[in-house]
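# Notes for the structure review
These are the residues of each chain, in order.
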Amino acid sequence: MTAKIILQAFNQYRKARMTFVQTIADLSSRPHNIEYLVNAGVLDLLRPLLSDVVPTIQQTAAVALGRLANHELKLAQAIVGKDFLPQLLRSLDTQNKFYKKSALFVLRAISKHSPDMAQVVVKNGGLDAMVVCLEDFDPGVKEAAAWALGYVARHNRALGQAVSDAGAVPLLVLCLQERELCLKQVSASALCDISKHSLELAQIVVDTGAIPFLAKAVTNPDPKLKRQVLAALTSIAKHSLELAEMVLESEILPDILVHLGHPDELVKRNAATLVREITKHTLELSQLVVNSGGIGALLEFIGCSKGSTRLPGVMAIGYIAAHSKEVAMAVIASQGVVELTTAMIDESEDHVISAIVWALGQIGKHTPEHAKSLAVANTFPTLLQMYLSPESSQDLKQKCRLTLKLVLQKCMVIQALDPLLYDAPPTILKYVVGQYSKILPNDPKARRLFVKTGGLKKIQEIQTEPGTKLMEYITIINYCFPKEIVRYYSPGYPETLLEHVELYMPQIPAIYNVPSSRTSDDNVNHDDDVDTETQ
């Protein structure tokens, strides 16, 4: 009877512990409960439960601890400060798969907050535990380990190097070859987090043979896997020409361009980002993209996207156009200037507009023919308006000024320059006047039109200092016209002309017998008598 009572008491105690820890785990999943749990001393109550004799209680306690650590940095610091990590990692390799996944969740939740917290996890042996779990037979444990490794590696280059030095990269590449979809997703994400920091880390990922498996995974229908794989390939390709070429050697370019039209926003954005990182390196890589139909795909992507999603596509077009006048002309032939101008007008996010303005500058900077495409699309007034707008950021204003400078110095379309002559501030006006000084000396029709539209008069009204470039341009323009015309349109000339009229003394020949002024009364009476006699 005594043994039964004792056993019953222990069973009740076990059930109470189980009920308590499950309740805490459930409550900690809701943010509004966290403050009350902390004030009630939940961390001190969870400590002994991590070493409980019942494995389920241990596992549930670790889940509750992970949810608390995941909530905010202060709680993660409190967990580290109470030395939970050594207790959590003790004999981790001998624990069951449920406890391993819960412990790895805690490590991930602590590491995500900051590089310092991730470094604490590494110092306490958490990194080695993650790598050991990455070799576990259970796919769920591998997934949890890969996830935690990614959260450590993503912060900075030193932590990424630490993950690589621990031997995680080959195991992550092996995980890419597993059948489980979630494991593939998390492994690709971790490889992205490692390779993004430096050329050396990206080279390690490549040397381990990751590219073929990443390229193969792009064809998987799962959107989440596509996102992670495209992001990982981008992290590799961005560092150097050689790595970008290795990505393209996997014959993945056609699939990338197809994914620019994917219905998932992140998939098509990551595809555009990969194209951007490929095209930025050299003309040859840009030419490969162009020859594969990349310009049309990118422009369609830009037209169908909004906000930050379209940003990498815009930059890819800019990089393509910047390399040579031939590929820039290919962009123009594909109606790229019209598409970008439309996107610039419709876009609301300032940084995206800045990128579009920059891309337009890369297209129009090469030759007068390239600049003409922007003039025909009526892009200049929009650029000037954004440059003058007080709502534009400094970056946008700077991009507008630079684009106007680059393109106006090539523009030979006088009709496109005329509106800017009246509205442009001095920082832009000198480029406009400079172009007139190139066009007018060699084009009689343009000179006539320049006078009729009031351009010559406006030139005379410009106030500038002697010796400046602007004054030099104005002098050249004035030499293109007769002095009388220039003087006629100079400010104040009509008033001067009227003064000359008042002061002018008529010199009429005597043969015209102009009578002198009649001012005396005698002359007046005499004339009246003559008139009377005549009558």
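In short, a report on the structure. What you are looking at is a predicted structure, and each value in this text was computed from that prediction instead of being measured.

Bringing the overall build of the protein chain into the picture now. From N to C terminus, the protein chain includes 36 helices and zero strands. Its C-alpha atoms give the protein chain principal-axis dimensions of about 170 × 55 × 40 Å. Going through the 535 residues of the protein chain one by one, you find that 47% of them count as buried. Accessible area for the protein chain stands at about 27000 Å²; split by element, carbon and sulfur atoms hold 54% of it.

We now examine the layout of surface pockets. Looking at the largest pocket, its volume works out to about 230 Å³. Cys192, Gln228, Ala231, Ser235 and Asn270 are the residues nearest the centre of the largest pocket, which is lined by 14 residues in total. Sorting elements by how many residues they give to the lining of the largest pocket places helix H16 (residues 223-237) first, with five residues. Here the lining of the largest pocket is built from residues that sort into three nonpolar, five polar and six charged. Its volume calculated, the second largest pocket comes out at about 200 Å³. Lining the second largest pocket are 13 residues, with Trp147, Gln185, Val186, Ser189 and Gln228 sitting closest to its centre. Breaking the lining of the second largest pocket down by element, the ones donating at least two residues are helix H10 (139-153), helix H13 (181-195) and H16. No other element matches the five residues that H13 contributes to the lining of the second largest pocket.

We note that Glu251 has phi near 55 degrees; this positive angle belongs to a residue other than glycine. In this structure, Gln335 is a non-glycine residue whose phi angle is positive, near 65 degrees. Mapped onto the elements of the fold, Gln335 is located in the loop between helix H23 (325-333) and helix H24 (336-346).

By the secondary structure assignment, Asp52 is in the loop between helix H3 (42-49) and helix H4 (55-71). Those residues in contact with Asp52, other than ones at most four positions away along the chain, are Arg17, Ile57 and Gln58.

Enumeration over the complete set of coordinates arrives at 15 salt bridges. A salt bridge links Asp193 to Arg154; the shortest N-O distance between them is 3.5 Å. Of the two residues, Asp193 sits in helix H13 while Arg154 sits in the loop between H10 and helix H11 (157-165), which places them 39 residues apart along the sequence. Where Glu277 meets Arg276, a salt bridge forms, and the shortest distance between an N and an O atom there is 2.7 Å. The two residues Glu277 and Arg276 agree in class, both being buried. In the salt-bridge network here, residues are joined through shared partners; they are Arg154, Asp193 and Lys196.

Let us look at the nonpolar core. Generally speaking, nonpolar side chains in soluble globular proteins are found buried as a group. Counting 170 residues, the largest nonpolar core has Leu46, Ile110 and Phe380 as its most contacted members. Among all residues touching Ile110, those that are not within four sequence positions of it are Ala69, Ala76, Ile79, Val80, Leu85, Met117 and Val121.

Along helix H17 (residues 241-248), the residues classified as buried are Leu243, Ala244, Val247 and Leu248. The arc that holds the buried residues of H17, viewed along the axis, is 145 degrees, so those residues lie on one side. Its buried side turned inward, H17 meets helix H14 (199-207), helix H15 (210-217), H16, helix H18 (253-258), helix H19 (265-279) and helix H20 (283-291).

Next up on the list: the environment of Val173. One can find Val173 in helix H12 (residues 168-176). Given a relative accessible area of 3%, Val173 falls into the buried group. It is 7.4 Å that separates the C-alpha atoms of Val173 and Gly209, two residues lying 36 residues apart in sequence.

Rules of the game
Residues numbered from 1 in each chain as written. Predicted model: local features only at pLDDT ≥ 70, side-chain atom pairs only at ≥ 80, totals over all residues. Heavy atoms only, no water. Helix = DSSP H or I, 4+ residues; strand = E, 2+ residues; numbered from the N terminus. Buried < 20%, exposed > 50% of the residue type's maximum accessible area, 1.4 Å probe, protein only. Areas by Shrake-Rupley, 256 points an atom, 1.4 Å probe, with all protein chains shown as cover. 1 Å grid on protein atoms, 1.4 Å probe; cavity = no way out; pocket = protein on both sides within 12 Å on 5 of 7 lines; lining within 4 Å. Points joined across faces, edges and corners; volume = space filled by probe spheres on them. Nonpolar A, V, L, I, M, F, W, Y, C, P; charged D, E, K, R; others polar. Contact = heavy atoms within 4.5 Å. Salt bridge = Lys/Arg side-chain N within 4 Å of Asp/Glu carboxyl O. Core = buried A, V, L, I, M, F, W, Y, C linked by side-chain atoms within 4.5 Å. Arc of directions from axis to C-beta.

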